[in-house]
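Remarks on the overall topology
Now for the letters of each chain:
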Amino acid sequence: MQTEAQFRVRRLAPALGAELSGIDFSLPAEALPIKALYAALLEHQLLLFRGQTVPPETQVAIARGFGEVQVHVMNQYHADGFPELYRLSNVDEKGRPTGKHPDRGTLAWHTDGSWQRRTGQATMLYAERVPDEGGGTEWCDMYGAYDALEPTLRTQLAGLRAVHNLDFSRNRRHGEEPMSEEQKRAVPPVDHPIVRTHPDTGRKAVFLGDHAESIVGMDYAAGRRFIDALNARIVRPELVYAHRWQAQDFVIWDNRCTLHRALAYDTANAARVIRRCTVLGEVPA
Ligand SMILES: [Fe+2]
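Residues numbered from 1 in each chain as written. Predicted model: local features only at pLDDT ≥ 70, side-chain atom pairs only at ≥ 80, totals over all residues. Heavy atoms only, no water.

**Topic: the pairing of strand β14 (residues 250-254)**
What counts, and what does not: Remark: exposure states derive from per-residue accessible area (1.4 Å probe, protein chains only) relative to the maximum for the residue type, with buried under 20%, exposed over 50%, and partly exposed in between. Helix and strand assignments follow DSSP, with helices taken as H or I runs no shorter than four residues and strands as E runs no shorter than two, numbered in order from the N terminus. Note: two strands are recorded as paired if DSSP finds a minimum of 2 bridges between them.
Counting buried positions along β14 gives five out of five residues, so the element sits mostly inside the fold. With burial as the criterion, each face of β14 is covered, one bearing Phe250, Ile252 and Asp254 and the other bearing Val251 and Trp253. With four bridges joining them, strand β3 (residues 46-49) and β14 adopt antiparallel strand pairing. Note on β14: the bridge partner recorded for Leu46 is Trp253.

**Quick look at the nonpolar core**
Nonpolar side chains in soluble globular proteins tend to end up buried together. The following threshold applies: To form a nonpolar core, buried Ala, Val, Leu, Ile, Met, Phe, Trp, Tyr and Cys residues must be joined to one another through side-chain atoms within 4.5 Å. By definition, residues are in contact when any of their heavy atoms lie within 4.5 Å.
Leu157, Ile194, Val206, Leu208 and Ile234 are the most contacted members of the largest nonpolar core, which has 44 residues in total. Residues in contact with Leu157, not counting those within four places in the same chain, are Leu149, Ile194, Val195, Phe226 and Leu230. Judged by nonpolar contacts, the second largest core, of 29 residues, contains Tyr38, Phe49, Ala122 and Phe250.

**Re the pattern of salt bridges**
Quick reminder of the rule: By salt bridge we mean one thing: a side-chain nitrogen of Lys or Arg within 4 Å of a carboxyl oxygen of Asp or Glu.
Scanning the model with the defined rule gives 20 salt bridges in all. Asp92 is the partner of Arg96 in a salt bridge, and the nearest nitrogen-oxygen pair spans 3.1 Å. Under the relative-accessibility criterion, Arg96 is labelled partly exposed at 45%. Take Asp92: its relative accessible area is 23%, and that puts it in the partly exposed class. In this structure, the salt-bridge partner of Glu238 is Arg236, at a minimum N-O distance of 3.0 Å. With a relative accessible area of 45%, Glu238 lands in the partly exposed category. The partly exposed category is assigned to Arg236, whose relative accessible area is 29%. Via salt bridges that share partners, Arg196, Asp200, Asp254, Arg256 and Glu282 belong to a single interconnected network.

**A word on the packing of helix α4 (residues 151-158) against helix α7 (residues 220-234)**
Put simply, the test is: Axis lines are fitted to C-alpha atoms, over the contacting stretch for helices. Their N-to-C directions set the angle, which ranges from 0 to 180 degrees. The labels follow the angle: roughly parallel below 35 degrees, roughly antiparallel above 145, roughly perpendicular from 65 to 115, and oblique for the rest. Each crossing gets its hand from how the near helix is turned against the far one by less than a right angle, where anticlockwise is left-handed and clockwise is right-handed.
Viewed as axis vectors pointing N to C, α4 and α7 meet at an angle of 130°, and their least axial separation amounts to 14 Å. Taken together, the axes of α4 and α7 are oblique relative to one another. Here the hand of the crossing between α4 and α7 comes out left-handed. Contacts from Leu153, Gln156 and Leu157 of α4 reach α7 at Phe226, Leu230 and Arg233.

**Brief notes about the packing of aromatic side chains**
Aromatic rings in a pair are described by how distant their centres are and how their planes are angled relative to each other. The test is simple: Any two of the Phe, Tyr and Trp rings considered here, Trp counted by its six-membered ring, make a pair once their centres fall within 6.5 Å; the pair's planes then place it as stacked at under 30 degrees, edge-to-face at over 60, or tilted in between.
Under the defined criterion, the tally for this structure stands at seven aromatic pairs. Taken together, a centroid distance of 5.1 Å and an interplanar angle of 75° make the contact between Tyr38 and Phe66 edge-to-face. In this pair, Tyr38 is assigned in helix α1 (residues 34-44) and Phe66 in helix α2 (residues 56-66), connecting sequence segments 28 residues apart. Given the relative accessible area of 9%, Phe66 is considered buried.

**Remarks on the coordination of the iron ion**
The condition that has to hold: Sodium, potassium and calcium take a 3.2 Å donor cutoff, other metals 2.8 Å, and in both cases only N, O and S atoms count; water is not among them, so sites may look incomplete.
Protein-derived coordination of the iron ion comes from His110 (NE2), Asp112 (OD) and His260 (NE2), at a distance range of 2.1 Å. Mapped onto the polypeptide sequence, the residues donating to the iron ion form the spacing pattern H-x1-D-x147-H. Within this pair, whereas Asp112 is found in the loop between β5 (82-89) and β6 (120-129), its partner His260 is found in strand β15 (residues 258-262), the two being separated by 148 residues in sequence. Accessibility assignment for this pair places Asp112 and His260 in one class, buried.

**Points about the sheet that holds strand β13 (residues 240-243)**
Spatially, three strands are ordered β13-β7-β15 in an open sheet, and the strand pairing comes out antiparallel. In this open sheet, the two edge strands, each paired with only one partner strand, are β13 and β15. Geometrically, the sheet is characterised by an average inter-axis angle of 15° between neighbouring strands, direction not taken into account. Summarising the sheet, strand β7 (residues 137-141) and β13 pair through four bridges and their orientation is antiparallel.

**Considerations on the sheet that holds strand β8 (residues 161-164)**
The three strands are arranged β9-β8-β12 in an open sheet whose pairing can be described as antiparallel. The open sheet has two edge strands with one neighbour each: β9 (190-193) and β12 (212-215). Shown here is a sheet whose adjacent strand axes are inclined to one another by a mean of 40°, direction ignored. Taken together, the three bridges between β8 and β12 define a ladder with antiparallel strand orientation. Bridge assignment links Val163 to a residue of β12, and that residue is Ser214.

**Here we look at the pairing of strand β16 (residues 273-280)**
For β16, the tally of buried residues reaches eight of eight residues, placing the bulk of the element in the interior. Both faces of β16 are covered, namely the face carrying Val273, Arg275, Cys277 and Val279 and the face carrying Ile274, Arg276, Thr278 and Leu280. Of the strand pairs in this sheet, β5 and β16 are connected by five bridges, and their pairing is antiparallel. Directly across from Tyr86, in β16, lies its bridge partner Arg276.

Rendered as structure tokens:
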């Protein structure tokens, strides 16, 4: 069994992210160093593995090793016979690009599953097909965002909670394909602290992003302005890692201390197929 010390580590950006090599995900899942991977994730916030064959069952097994795996409410995306997997794809059954973006909500900075009481812990993406241009993903370090806030704002944020609502963020980013009434009932709006303490590292991070709709105890319009302004200032260029995908990249990140967004690409002419799995985390505190 490997330990973290046995990986080769290359930092991806000053703020966050590391490429790890010296691991083979085509091995049976029982042979994989799940604990060491999780420890590396806590240290680097984002892990990249290149040139990997990661079978669907291995992706699910790693996720189960990290915690309880989310079965996404948007069940039209379930993939490979595993309800835990969610395929982000713009190709039809013959593998041709359709021109339709599979989830335009991902183009805005967000953190996965912040619209649930128990929010996302880690998300794992495996790239099956990627465009030559565009279609990258960016992550931003929310520990760094918290550390960069001036003390008066930190004090103000310490008492504030934001309401996160998937129906809100999807509707305003998509328009098309609204959630069904049943899906809406399954995920009513929930409120979370804007500053959360990571349960494993003990560090404070800003927890906001595009699913945040309003502020508890604040007039709705004022809350919207407050959220937009805060979302704009927490994403700072020096805190970002921008990833250009290669096919067979496997990426794992920690949703409790990062925001991320996908970048646009030519959905009519370039294929992008990514297999996703999200582990459920804690109720933020
Ligand atoms: Fe996401």
